[in-house]
Amino acid sequence: MKKKLPWVRFIFIIFLVALFFLSSGCGNRENFDGQVSGSGKDSFSYVISENVKYRVKAEGNYFYFYDKGKWNKKFLKGVDIGTTKPGLNPGDLSISYEDYYRWFTEISAMGADCIRVYTAQRPQFYNAFADFNKKSKNPLYLFQGVWINENDITSIGDAYAQNGKIMDDFIQDAKNLADIIHGDITLPLRAGYASGTYTVDVSKYFAGWILGIEWDPNFVKITNNNNPAKYSYDGKYLYTQSASPFEAFLCQVGDELIRYQTEKYKDQVPLAFTNWFTTDPLTHPNEPHPDDDMVSVNMEDIKSRDSFLPNEFASYNVYPYYPDSFNYQRDYINYIDSSGKKNPYEAYLKDLKMAHTMPVIIGEFGIPTSRGKAHENVVTGYNQGNISETEQGDMILNMMNSIYKEKYAGGLIFSWQDEWFKKTWNTDQFDVAGNRPLWSNIQNNEQSFGILAFDPGEKTTICCVDADIKDWTKDAPVLTNSTGQLYMKSDERYVYFMAKIPDFDFNASTLVIPMDTIPGQGNIRMNDLNINFDRGADFVIVVNGKNNTRIMVDSYYDSFNYLYAEQYQMLPVIADIAAKNSGRFDQLKQCIGYPMTVPPENTQVPFESYETGKLIFGDGNPSHEDYQSLADFNYKDGILEIRIPWALLNVMDPSEKQIMNDLYQMQSISPTKADGFSVGMGVTGSAGMKVSLDGKFDWNAWTTPTFHERLKPAYYLLQKGLVKFQ
């Protein structure tokens, strides 16, 4: 038998040494492919380096997910999920396991591959998330947010003040969330926060952290000004380079979170901080509002070390109508996209992407389907409200196309569900703050961003505004006269009217429905139409064909004019405005912009508003092919149906029957109890005709709203359209 040659033995030893080095990770950050216990759909692979595992990384322009020995690039398509349903405030956190599981099923079926939440959820969320993913062919990945106490931002105003209270709380909440993700914590009851025992580990589906909120520029500026020496941070995983004190604050929070997750769970995921147009790293020379271009928060000033394996990414909330640079920045409004259309949204995305070396995800973008409106994009019509549910889907897909085209890492649609609790700047003066979650103010754009609608009614809406009397068969008329019969009812969103008017010529005649909603005021004459009423009318619905129908308000009870002319002095004051019974009825308007100055030429832009009281003709039945979500009225064969939002009737809180009080007597916009409405109906004819308000409508207060879920048409458009973004 021959002996082995020495050189053969030497080569074998070298091979063993090399194999050892490869398996131990020397010279290679990604060196071990492990298979975690589990089978079939719930099995997964990961990379280990220096005893730290990870299976998601942000690199170049995109996210990569590790599976079966290789990294797979993924353009992420997701939705942001809120914490509430109707009747609830954000801190109530009472969405059920069953609700979440159903939503995850619908979200995945829509074509999304990830979700984002903004703060800690109850255990039911994570349990449903894990169970859904175990069974799904298309599991969802999670971007977890960490909220920051906005009350502290308002009261303290400096990230380092009061011995770093804001920072310490931010870090502790982040650590708690790391424990939640890994199913390893019990949180005690705490008003306004999630609590319970978390036992389910969802880390295998964890795509990344998105920490913080849309930063108030004054909070950033004050932190920077008050702490000039805190311009750097040198951590184990993150460090700063040419940073501001605020960026150093973020860097420390991120580093502490990575350290905690790494040391306790031997696990890492990509990390970003929430940002938005207002604090982006760009300059906007035509921005009219100084606060919206006052200070920057730049993720590029926060660097990661090799010890942070999955890398950083940037996350921005970008909407097409705010700030006003989208209307005035010249290079944006003159930008032409590949379809030949002006596209300031894509122009901004292009600039923003060029400012980053790391992957960038659009953490929020969307379009609300409210009836009311808060901002306009005068270039594209992608407005903040007064957009139909079908247009919503088309616009979201067009924005997603721009996000994809500009090589972003993905886009997260805001939001999955409508949120009744929300307020906004041009409606919050006209409602009662504490009870917002109890009713649906369709004039408030912030409540209607969802792809999933919460419509009033336990199973169905009580009236669909499609000129079909089937919704009224169990109702009695509130008024019968020579013109016809008038029916009324209401829900958490609208007051509905149905008129049986067999002899009315819809295209040639004018029908009026006057309403007395508050005692002691109102007009007994309508000058414009030369008609009289037997009691003071505060509102009149004027039906005059498809394109000239509107609701009007007694000038004395015009809250828009009272706020913006009398109080804010942004509009001319009418000399006799405080005189009752003037016979003058105003168009109902909604403000969409205050006067402003556009630099650098200091161009003056006047106060902006639009007539929100003009009613839109259409079919309001979601089950019909011609469904128009913005429809206010419909007429067919002598049947007229109308729906009027509570807010257009100066109802500040229908759940407690609170309407606006006498504006000029109270010298404020304040609530008072309603005692029902008196109503009339008549067709204009001879000059000086009189309409009697003999009908009586009233409604019951409520403490718990009724609602049911409905997927908007945008859902089905997204289901078809998202598949092309791979």
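For the structure itself, consult the block above.
Residues numbered from 1 in each chain as written. Predicted model: local features only at pLDDT ≥ 70, side-chain atom pairs only at ≥ 80, totals over all residues. Heavy atoms only, no water.

Peer 1: Could you give me a rundown of the overall build of the chain, with the residues and numbers involved?
Peer 2: A count of helical and extended segments in the chain gives 14 helices and 42 strands. Based on the C-alpha atoms only, the size of the chain along its principal axes is roughly 125 × 55 × 55 Å. A buried classification covers 60% of the 726 residues belonging to the chain. Looking at the chain alone, contacts between residues at least 24 apart form 69% of all its contacts between residues at least 6 apart. Summing over all exposed atoms, the chain offers an accessible surface of approximately 29,300 Å²; the carbon and sulfur share of this is 50%. Distance between charge centres in the chain, computed from 69 positive and 90 negative side chains, equals 9 Å. (Helix = DSSP H or I, 4+ residues; strand = E, 2+ residues; numbered from the N terminus. Buried < 20%, exposed > 50% of the residue type's maximum accessible area, 1.4 Å probe, protein only. Contact = heavy atoms within 4.5 Å. Areas by Shrake-Rupley, 256 points an atom, 1.4 Å probe, with all protein chains shown as cover. Lys, Arg positive; Asp, Glu negative; His and termini not counted. Charge placed at Lys NZ, Arg CZ, Asp CG, Glu CD.)

Peer 1: Explain the packing of aromatic side chains to me, and be specific about the residues and the numbers.
Peer 2: When we look at a pair of aromatic rings, we describe it by the centre distance and by the angle of the planes. Enumeration according to the criterion identifies 67 aromatic pairs in this entry. Taken together, a centroid distance of 5.2 Å and an interplanar angle of 40° make the contact between Y556 and Y664 tilted. Note that Y556 is positioned in the loop between β27 (550–554) and α12 (559–567) and Y664 in helix α13 (residues 663–666), a separation of 108 residues in sequence. Residue classification places Y556 among the buried residues on the basis of a relative accessible area of 4%. (Phe/Tyr/Trp six-rings, centres within 6.5 Å; stacked < 30°, edge-to-face > 60°.)

Peer 1: A description of the sheet that holds strand β36 (residues 658–660) should follow, citing residues and the corresponding values.
Peer 2: If you trace the 3 strands from one edge of the open sheet to the other, you get β35-β36-β37, paired in antiparallel fashion. With partners counted over all chains shown, the strands left at the sheet margins are β35 (651–653) and β37 (671–673), one partner each. Ignoring which end each strand starts from, the neighbouring axes of this sheet average 45° apart. (Pairing = 2+ DSSP bridges. Axes fitted to C-alpha atoms, helices over the stretch in contact; angles between N-to-C directions.)

Peer 1: Residues and numbers for the pattern of salt bridges, please.
Peer 2: In total, this model carries 31 salt bridges according to the counting rule given. Linking R710 and E389 is a salt bridge whose minimum nitrogen-to-oxygen distance equals 2.9 Å. A residue pair is termed long-range when its members are at least 10 positions apart, and R710 in strand β42 (residues 707–711) and E389 in helix α11 (residues 389–405) qualify at 321 residues. Looking at R710, the relative accessible area reads 14%, which means it is buried. Judged by relative accessible area, which is 6%, E389 ranks as buried. (Salt bridge = Lys/Arg side-chain N within 4 Å of Asp/Glu carboxyl O.)

Peer 1: Go over the nonpolar core, please, and point to the residues and values.
Peer 2: By size, the foremost hydrophobic cluster in this structure holds 122 residues, and its most contacted members are F104, I115, W209, W215, F249 and W416. V432, V543, I644 and L649 belong to the second largest nonpolar core, which has 55 residues in total. (Core = buried A, V, L, I, M, F, W, Y, C linked by side-chain atoms within 4.5 Å.)

Peer 1: Before we move on, could you go through helix α6 (residues 217–226) and cite the residues and values that matter?
Peer 2: What α6 keeps buried is the set P217, F219, V220, T223 and N224. All buried residues of α6 fall inside an arc of 165° around its axis, so they share one side. Summarising the contacts, the buried residues of α6 are in contact with α4 (150–156), α5 (161–181) and α7 (245–265). (Arc of directions from axis to C-beta.)

Peer 1: Break down the side chain of S670 for me, citing the residues and quoting the values.
Peer 2: Residue placement: S670 occurs in the loop between α13 and β37. Look at S670 and you get buried, because its relative accessible area is 15%. Setting aside its immediate chain neighbours within four residues, S670 contacts M652, I659, M660 and N661.

Peer 1: Go over unusual backbone geometry with me, naming the residues and quoting the values.
Peer 2: Cis geometry marks the peptide bond from Y322 to P323, where omega comes out at 0°. Looking at the secondary structure, you find P323 in the loop between β16 (314–317) and α8 (325–328). With omega at 0°, the peptide bond leading from P599 into P600 counts as cis. If you check the backbone angles, Q162 has positive phi at about 50° while not being a glycine. Counting through the fold element by element, Q162 comes out in helix α5. At V465, a residue that is not glycine, the phi angle is positive and equals roughly 55°. Residue position: V465 is located in the loop between β19 (452–456) and β20 (479–480). Judged by relative accessible area, V465 falls into the buried class, the value being 0%.

Peer 1: Before we move on, could you go through the sheet that holds strand β21 (residues 485–490) and cite the residues and values that matter?
Peer 2: The strand order β20-β21-β22-β34-β33 describes an open sheet built from 5 strands, whose pairing is antiparallel. Looking at the sheet topology across the chains shown, the edges are occupied by β20 and β33 (633–636). Of the strand pairs in this sheet, β20 and β21 are connected by 2 bridges, and their pairing is antiparallel. Bridge pairing in β21 links L479 to L486.

Peer 1: Describe the pairing of strand β22 (residues 494–500), listing the residues and the values that go with them.
Peer 2: Most of β22 sits inside the fold, with 6 of its 7 residues counted as buried. In this structure, β21 lies alongside β22, joined through 6 bridges in antiparallel fashion. Looking across to β22, one finds that K489 is bridged to Y496. The hairpin turn running from β21 into β22, its antiparallel successor, is 3 residues long.

Peer 1: Tell me about α7, and please be specific about residues and values.
Peer 2: When the terminal C-alpha atoms of α7 are compared, their 30 Å separation across 21 residues agrees well with the 30 Å that a helix rising 1.5 Å per residue should span. Counting buried positions along α7 yields 17 of 21 residues, so the element is predominantly enclosed. Where α7 terminates, the next one or two residues include K266, which has phi positive at roughly 50°. (Expected span 1.5 Å × (residues − 1).)

Peer 1: Kindly report on the pairing of β19, identifying the contributing residues and their values.
Peer 2: Summarising burial for β19: 5 of the 5 residues are buried, a large majority. Residues L452, F454 and P456 of β19 are buried on one face, and the alternating residues A453 and D455, pointing to the opposite face, are buried as well. As defined by bridge partners, β19 adjoins β42 across 5 bridges and the pair is classed as antiparallel. Each bridged residue has a counterpart across the sheet, and for P456 the counterpart in β42 is F707.

Peer 1: Kindly report on the side chain of E300, identifying the contributing residues and their values.
Peer 2: Mapping E300 onto the fold places it in the loop between β14 (271–276) and β15 (302–304). Separated by 2.7 Å, the side chains of E300 and T357 make a polar contact. Residues contacting E300, with those up to four places away along its chain left out, are A355, H356, T357 and M358. (Polar contact = N/O pair within 3.5 Å; in protein donor to acceptor, adjacent residues only side chain to side chain.)

Peer 1: Hey, could you go over the packing of helix α2 (residues 97–110) against helix α3 (residues 123–135) for me, with residue numbers and the actual values?
Peer 2: Interaxial distance between α2 and α3 falls to 8 Å at its minimum, and their mutual angle equals 45°. The pairing of α2 with α3 is recorded here as oblique in orientation. For the crossing formed where α2 meets α3, the hand is right-handed. Residue-level inspection shows Y97, Y100, Y101, F104, T105 and S108 of α2 in contact with α3, the latter providing Q124, F125, N127, A128, F129, D131, F132 and K135. (Parallel < 35°, antiparallel > 145°, perpendicular 65-115°, else oblique. Left-handed = near helix turned anticlockwise from the far one by under 90°.)

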